[in-house]
Amino acid sequence: MSIHASVNQGGGSDMLDGYLEALSLVERLHRLLLDVIKDEFERVGILEINAVQALLLFNIGDNEVTAGELKTRGYYQGSNVSYNLKKLVDMGYMHHQRCEIDRRSVRVRLTPRGREIRDLISALFARHADGLIGKNVIDHDTLGDMSSTLRRMERYWTDQIRYIY
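Just so it is clear, the structure is predicted and the values come from calculations on it, not from any experiment.

A. Representation of the layout of surface pockets. Taken as a whole, the second largest pocket spans an internal volume of roughly 220 Å³. If you trace the second largest pocket, you find it lined by Thr 66, Ala 67, Gly 68, Ser 82, Leu 85, Lys 86, Val 89, Asp 90, His 96, Ser 105, Val 106 and Val 108. When residues of the lining of the second largest pocket are traced back to their parent elements, those giving at least two are helix H4 (67-72), helix H5 (78-90) and strand S3 (106-110). No other element matches the five residues that H5 contributes to the lining of the second largest pocket.

The structure is reproduced here in structure tokens:
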């Protein structure tokens, strides 16, 4: 018996349908976000960096971090982090240096060129936030409620992973 069928028998069909729709929306929104960033880069003539790398630069911001810290924050998959960090260092968007305490660990931070990309993405997001409000797509309270709900889902999923054993 499928999960969907067993939930339907238990009377939870509406909840399952809503959950599956939410999962689909989260996945589609992430892909759309990457497309929005890619389109912005095409508009301004930045072709050597991809949207995932741009988000990596945006999320690092003014911090100095390790690849492990980025993974534990939950932003990126393990192999993708290492690959993208190496590419960003090679292209001059990031500095890297061995950690003084743990020589196996490499710390990274943005170069001025990386900060330009971070600022471009920041400006894009600010325009979108203004547009959402200005065009009455969503108001501040609704956005706050949505973020709160997504944080609760994130905690639930994290707990599912953390307490699997």
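Following the structure, the description resumes.
B. Representation of a nonpolar patch on the surface within the structure. On the surface, a nonpolar cluster with roughly 380 Å² of combined accessible area is contributed by Tyr 19, Leu 20, Tyr 156 and Trp 157. Of all the secondary-structure elements, those providing two or more residues to the nonpolar patch are helix H2 (13-44) and helix H7 (140-162). Tracing the backbone shows Tyr 19 in helix H2. Tyr 19 sits in the partly exposed class, given a relative accessible area of 32%.

Rules and cut-offs
- Residues numbered from 1 in each chain as written.
- Predicted model: local features only at pLDDT ≥ 70, side-chain atom pairs only at ≥ 80, totals over all residues.
- Heavy atoms only, no water.
- 1 Å grid on protein atoms, 1.4 Å probe; cavity = no way out; pocket = protein on both sides within 12 Å on 5 of 7 lines; lining within 4 Å.
- Points joined across faces, edges and corners; volume = space filled by probe spheres on them.
- Helix = DSSP H or I, 4+ residues; strand = E, 2+ residues; numbered from the N terminus.
- Patch = residues over 30% accessible without salt bridge, like charges linked within 9 Å, V, L, I, M, F, W, Y side chains within 5 Å.
- Areas by Shrake-Rupley, 256 points an atom, 1.4 Å probe, with all protein chains shown as cover.
- Salt bridge = Lys/Arg side-chain N within 4 Å of Asp/Glu carboxyl O.
- Buried < 20%, exposed > 50% of the residue type's maximum accessible area, 1.4 Å probe, protein only.

Purely geometric stuff here, so don't read any function into it on its own.
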